[in-house]
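Each chain, letter by letter, is given below.
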Amino acid sequence: MIEVRDLHKSFGETEVLKGLSTTIEEKEVVCVIGPSGSGKSTFLRCLNMLEDITSGQVIIDGYDLTDSKTDINLVRSEVGMVFQHFNLFPHMTVLENIILAPQKVRGLTKGEAEKNALPLLGKVGLKDKAQAYPDSLSGGQKQRVAIARALAMNPKVMLFDEPTSALDPELVGEVLGVMKDLAQEGMTMVVVTHEMGFAKEVGDRVFFIDEGIFVEEGPPEQIFDNPQNERTQGFLSKVL
Amino acid sequence: MYVFTTTNNYIQILPDLWIGFLYTLLITIVGVLIGFVLGALFGLMRISKNKVIYGIATVYIEIVRGTPLLVQIFFIYYGLSDLTGINLDKLTASILAIAANAGAYIAEIVRGAIQSVEKGQMEAGRSLGLSSRQTMRYIIWPQALRRMIPPLGNQFIISLKDTSLFSAIAVTDIMYQGRQYASSTFAYFESYLMVGVFYLIITIPSMLILRQYERRFERE
Ligand SMILES: Nc1ncnc2c1ncn2[C@@H]1O[C@H](COP(=O)(O)OP(=O)(O)O)[C@@H](O)[C@H]1O
Ligand SMILES: [Mg+2]
């Protein structure tokens, strides 16, 4: 589903990603952990070309993102992304947030898009908030709307960049709950997170990234209970 | 001369000022509307990554902002007709001058408002598969427009007052009408007092509306 080959990313002189390679299978849930500034967000953003790739290849569902002939908007429409700070559109209601892209990108009518949106709102537990504006929602509700908005495009992959880091602790659970449901339904997911409990419970595989390199990867039991690399050990001893 | 300082002048000047009032409003409203279209265009050019497009907009804005409006109106009214042989009428020249002038200031308002929209909004739009044009149109622009309204209102008031300079080419605006009345009756005090009142009739309500909008805006 996702293939990353020797991915390098530099900002000016600084190389942030120093040759990442991996393959992520359909329905797999991959959690990416690592210290702040290690390149987790940059890696995720390269997966839908929010960052230009300096060198290497990213192939998603057969589309080579680095090929200039690839329709990047088409690929992006199949890759959902959830941001740390939600990035809801504040001038639109919850429902309008969700139906915008299906109408403008997929060409659905408003009625069709709304018909698809309502069950999604039910899924994230916000049926009664369709007409609300984002400003009136709690952080947890906003993030659930953001998830519904991404799901409205029927993505093949969902990317999450620290989706619960900006939330009050008591609101983290409701968002993780929705993500867990998604994982159980078989969504392919790449999740950058500091929620080690989630990574352990839901992740099929965990990547530990440090200074732009995948230092260690494996099933959660191995990474959390029996890390091989000393940098992984050091990081986990700090966060667990 | 003393005999002219009667309350009659306050009334007798009204028909003249009424005509001036209509001209001033016409020049300002049409000029600022065209200026908004120009401003939107040049403002968008100012955020373009294309150096040529950016450069053209920057040159335009700097020329307009770096020269007096009086020079601009003389350039458009006398200079351009000299060059092209086409004689613009005074009203058209005035509207063009306000449009070109306000356009440059509005361009900076537009640029600032667009750049004030959080970067994450563009990213969220693009990550859903919207093109950058669609994201601009449905997500960035509507949010920027709301932020533009207070400074646009300000610019309207500034442009309104600026039109008084156009009496120099004898367009029959409030200022010109007042001057004519004053010089034919020698009632300078009454004339210019009434001229001021006529400008205030537009500016004070405009400012009140603006303030109300800003207050509502802050609450949101
Ligand atoms: N747009 C950018 N320009 C320059 N440097 C950046 C940019 N984005 C990220 N970086 C740098 O790249 C490094 C990795 O950032 P990031 O991927 O956000 O880390 P993480 O998400 O793991 O905390 C950091 O040192 C950061 O300062
Ligand atoms: Mg990050």
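- In the nomenclature of an unreviewed UniProt entry, chain B corresponds to Amino acid ABC transporter membrane protein, PAAT family from the organism Alteribacillus iranensis.
- As its UniProt record puts it under Sequence similarities (unreviewed entry), chain B is described as follows: "Belongs to the binding-protein-dependent transport system permease family. HisMQ subfamily."
- Recorded in UniProt under Subcellular location (unreviewed entry), the annotation for chain B is "Cell membrane".

- The name recorded for chain A in an unreviewed UniProt entry is Amino acid ABC transporter ATP-binding protein, PAAT family, from Alteribacillus iranensis.

**Quick look at the overall build of chain A**
Then, number 1: Counting its secondary structure elements, chain A contains nine helices and 10 strands.
Then, number 2: Since a compact globule built from 240 residues should have a radius of gyration of about 18 Å, the 18 Å found for chain A is in line with a globular shape.
Then, number 3: Along the first, second and third principal axes, the C-alpha set of chain A runs to 55 × 45 × 30 Å.
Then, number 4: When the 240 residues of chain A are sorted by exposure, 56% land in the buried category.
Then, number 5: A fraction of 64% describes how many contacts in chain A between residues 6 or more apart in sequence connect residues 24 or more apart.
Then, number 6: For chain A, the computed accessible surface area is about 10,100 Å², with 45% contributed by carbon and sulfur atoms.
Then, number 7: Averaging the positions of the 24 positive and the 36 negative side-chain charges in chain A gives two centres separated by 5 Å.

**Details of the sheet that holds strand 1 (residues 2–11) of chain A**
Residues and elements named next belong to chain A.
Then, number 1: The sheet built from four strands is open, its strands ordered 2-1-4-5 with antiparallel pairing. The sheet terminates laterally at strand 2 (14–24) and strand 5 (63–64), the two strands that pair on one side only.
Then, number 2: One ladder, built from eight bridges, connects strand 1 with strand 2; its direction is antiparallel. Pairing of V4 across the sheet is with T22, part of strand 2.

**Brief notes about the site of ligand 1**
Residues and elements named next belong to chain A.
Then, number 1: Taken together, the neighbourhood of ligand 1 is formed by F11, V16, P35, S36, G37, S38, G39, K40, S41 and T42.
Then, number 2: Between ligand 1 and G37 there is a distance of 2.7 Å, counted from an oxygen atom to a backbone nitrogen or oxygen.
Then, number 3: Separating an oxygen atom of ligand 1 from a side-chain N or O atom of S41 is a distance of 2.7 Å.
Then, number 4: Top contributing element to the shell around ligand 1 by residue count: helix 1 (residues 40–46), with three residues.
Then, number 5: Among the residues making up the shell around ligand 1, the classes are represented as three nonpolar, six polar and one charged.

**Some points on the UniProt feature "domain: ABC transmembrane type-1" (unreviewed entry) in chain B**
Then, number 1: Annotation from UniProt places "domain: ABC transmembrane type-1" (unreviewed entry) at residues 21–210 of chain B.
Then, number 2: Helix makes up 84% of residues 21–210 of chain B and strand 0%, with an end-to-end C-alpha separation of 21 Å.

**Describing the confidence of the model for chain B**
Then, number 1: When pLDDT is averaged along chain B, the result is 93, and 96% of the positions lie at 70 or above.
Then, number 2: The complex model carries a pTM of 0.88, and its ipTM stands at 0.92.

**Re the pattern of salt bridges**
Then, number 1: Following the criterion strictly, the structure yields 17 salt bridges over all chains and no others.
Then, number 2: With a closest N to O distance of 2.9 Å, A:E51 and A:R45 form a salt bridge. There is no split in this pair, since A:E51 and A:R45 are both buried.
Then, number 3: Here the residues in one salt-bridge network are A:R45, A:E51, B:K119 and B:E123, joined through shared partners.

**Quick word on empty space enclosed by the protein**
All names here are of chain A.
Then, number 1: Across all of its chains, the model carries one cavity of 30 Å³ or more by this definition.
Then, number 2: Within this model, the largest cavity holds a volume of roughly 30 Å³.
Then, number 3: Taken together, the elements giving at least two residues each to the lining of the largest cavity come down to helix 3 (94–104) and helix 4 (110–123).
Then, number 4: Split into classes, the residues belonging to the lining of the largest cavity amount to eight nonpolar, one polar and no charged.

**Observations concerning the interface of chain B and chain A**
Then, number 1: Opposite the 18 residues of chain B that make contact, chain A presents 22 residues.
Then, number 2: When chain B packs against chain A, close to 1,700 Å² is buried across both sides, 60% of that on carbon and sulfur atoms.
Then, number 3: Counting the contacts that link chain B with chain A gives one salt bridge.
Then, number 4: With a closest N to O distance of 2.7 Å, B:E123 and A:R45 form a salt bridge.
Then, number 5: Applying the counting rule to chain B against chain A returns seven residue pairs in polar contact (both at pLDDT 80 or more).
Then, number 6: Of all the elements in the fold, those that place two or more residues in the side of chain B that touches chain A are helix 6 (119–127) and helix 7 (132–162) of chain B.
Then, number 7: Element by element, the count of residues in the side of chain B that touches chain A is highest for helix 6 of chain B, at eight residues.
Then, number 8: Of the residues that constitute the side of chain B that touches chain A, the class distribution is six nonpolar, eight polar and four charged.

Procedures and definitions
Residues numbered from 1 in each chain as written. Chains lettered and ligands numbered in written order. Predicted model: local features only at pLDDT ≥ 70, side-chain atom pairs only at ≥ 80, totals over all residues. Heavy atoms only, no water. UniProt positions renumbered as here; feature names shortened; annotations may be inferred. Helix = DSSP H or I, 4+ residues; strand = E, 2+ residues; numbered from the N terminus. Rg over C-alpha atoms; globule rule 2.2 N^0.38 Å. Buried < 20%, exposed > 50% of the residue type's maximum accessible area, 1.4 Å probe, protein only. Contact = heavy atoms within 4.5 Å. Areas by Shrake-Rupley, 256 points an atom, 1.4 Å probe, with all protein chains shown as cover. Lys, Arg positive; Asp, Glu negative; His and termini not counted. Charge placed at Lys NZ, Arg CZ, Asp CG, Glu CD. Pairing = 2+ DSSP bridges. Near = heavy atom within 4 Å. Polar contact = N/O pair within 3.5 Å; in protein donor to acceptor, adjacent residues only side chain to side chain. Nonpolar A, V, L, I, M, F, W, Y, C, P; charged D, E, K, R; others polar. pLDDT = per-residue confidence, 0-100. Salt bridge = Lys/Arg side-chain N within 4 Å of Asp/Glu carboxyl O. 1 Å grid on protein atoms, 1.4 Å probe; cavity = no way out; pocket = protein on both sides within 12 Å on 5 of 7 lines; lining within 4 Å. Points joined across faces, edges and corners; volume = space filled by probe spheres on them. Buried area = accessible area lost by both parts, 1.4 Å probe.

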